[in-house]
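# Structural overview for review
What follows is the residue order along each chain.
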Amino acid sequence: MVKIVKLEPIGQETEVETNGNLLSVLLNEELDVLKECGGRGMCATCHVYIKQGMEYLTPMNRREQRTLEVITSCKTNSRLACQARVLQNGVVVELPPGMYVRSLQDIEALIGRRAEQPLLHPITGQVLVEEGKLITRSMLKQLEDTKFRVSDYFSMTSEY
């Protein structure tokens, strides 16, 4: 049976099969979601906020809880879209502001411009550049210095 999910702030309503995950909703709406871990609940690139209807989603599992603990933008209404499955109508998803940075080359192309929306770290969700601020080489250097690779993250978390 089909359920309706509302996406804010874009004001779209979309359908999902009962027990379908929120990630499929986002991908069906052609939203830019990285899904770096392939939907295993390990990378937080599909992190969303639930404005309404948390009780209409499947409960959070231990892996999702651990993943959410490491991201700085986590709130009490945070969920990973790949792990949250829709059980009933009434779910309203708030998409995080900004976009996830996929690579250093993505940022290089933006150097010297003002960020139209916050640029977020692909793993932690930390704001790298605030909306309206200038994107600089020093910000790029900050990412290079983190030496935090997605593959390293996967190898650390795969034992859980």
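Check the entry above for the structure.
Residues numbered from 1 in each chain as written. Predicted model: local features only at pLDDT ≥ 70, side-chain atom pairs only at ≥ 80, totals over all residues. Heavy atoms only, no water.

Of all hydrophobic cores here, the largest spans 23 residues; its most connected members are Val5, Leu22, Val48 and Val93. Secondary-structure elements contributing two or more residues to this core are strand E1 (2-8), helix H1 (22-28), strand E3 (47-52) and strand E5 (91-94). Broken down by element, this core gets its largest block of residues, four residues, from H1. Aside from chain neighbours lying at most four places away, what touches Val93 is Val5, Lys6, Leu7, Glu8, Leu22, Val48, Tyr49 and Ile50. (Core = buried A, V, L, I, M, F, W, Y, C linked by side-chain atoms within 4.5 Å. Buried < 20%, exposed > 50% of the residue type's maximum accessible area, 1.4 Å probe, protein only. Helix = DSSP H or I, 4+ residues; strand = E, 2+ residues; numbered from the N terminus. Contact = heavy atoms within 4.5 Å.)

Let us look at the packing of aromatic side chains. Pairs of aromatic rings are described using the distance from one ring centre to the other and the angle between the two planes. All chains considered together, the criterion is met by zero aromatic pairs. Geometry around Tyr49 places Lys75 over its ring, the cationic atom sitting 4.6 Å from the centre. (Phe/Tyr/Trp six-rings, centres within 6.5 Å; stacked < 30°, edge-to-face > 60°. Lys NZ or Arg CZ within 6 Å of the ring centre and 35° of its normal.)

Another aspect to go through is helix H2 (residues 62-69). Every α-helix winds through 3.6 residues per turn, so residues three or four apart in the chain are directed the same way. Within H2, burial applies to Glu64, Thr67 and Leu68. In a view along the axis of H2, the buried residues occupy a sector of 95°, so they form one face of it. Away from its buried face, by an angle of more than 90 degrees, H2 presents the exposed residues Arg62 and Glu69. A distance of 3.2 Å separates the backbone nitrogen of Arg63 from a side-chain oxygen at the start of H2, and that oxygen is part of Asn61. (Arc of directions from axis to C-beta. Polar contact = N/O pair within 3.5 Å; in protein donor to acceptor, adjacent residues only side chain to side chain.)

For the coordinates displayed, the defined rule picks out two salt bridges. Salt-bridge contacts for Glu8 lead to Lys6; the nearest nitrogen and oxygen are separated by 3.3 Å. According to the relative accessible area criterion, Glu8 is buried, its value standing at 18%. On the basis of relative accessibility, which here comes to 30%, the residue Lys6 falls in the partly exposed class. Measuring nitrogen to oxygen at the nearest pair gives 2.7 Å for the salt bridge that ties Arg79 to Glu64. (Salt bridge = Lys/Arg side-chain N within 4 Å of Asp/Glu carboxyl O.)

A separate point is the sheet that holds E1. On the basis of which strands lie adjacent, the open sheet formed by five strands has the order E2-E1-E5-E3-E4 and mixed pairing. Looking at strand neighbours, the two that pair on one side only are strand E2 (12-17) and strand E4 (78-80), the edges of this open sheet. Each strand axis lies, on average, 40° off the axis of its neighbour in the sheet, ignoring direction. Judged from the three bridges that link them, E3 and E5 form a sheet pairing that is antiparallel. (Pairing = 2+ DSSP bridges. Axes fitted to C-alpha atoms, helices over the stretch in contact; angles between N-to-C directions.)

Bringing the environment of Met54 into the picture now. If you trace the backbone, Met54 turns up in the loop between E3 and H2. Met54 has contacts with Thr76, Asn77, Ser78 and Arg79, leaving out every residue within four places of it along the chain.

The next subject is the side chain of Arg79. Of note, Arg79 is situated in strand E4. Of the residues examined, Arg79 reaches a relative accessible area of 2% and is grouped as buried. One polar contact links the side chain of Arg79 to the main-chain carbonyl oxygen of Thr58, over a distance of 2.8 Å. For Arg79, the side chain forms a polar contact with the side chain of Glu64, separated by 2.7 Å. With near-sequence residues (within four places) excluded, Arg79 lies in contact with Cys46, His47, Val48, Ile50, Met54, Leu57, Thr58, Pro59, Met60, Glu64, Leu68 and Ala84.

Now for the pairing of E3. Pairing geometry for E3 and E4, over three bridges, is antiparallel. Considered in E4, the bridge of Tyr49 is made with Ser78.

Mapping Glu94 onto the fold places it in strand E5. Remark: the alpha-carbon pair of Glu94 and Tyr49, spanning 45 residues in sequence, is separated by 4.9 Å. Setting aside anything within four residues of it in sequence, one finds Glu94 in contact with Glu8, Val48, Tyr49 and Lys51.

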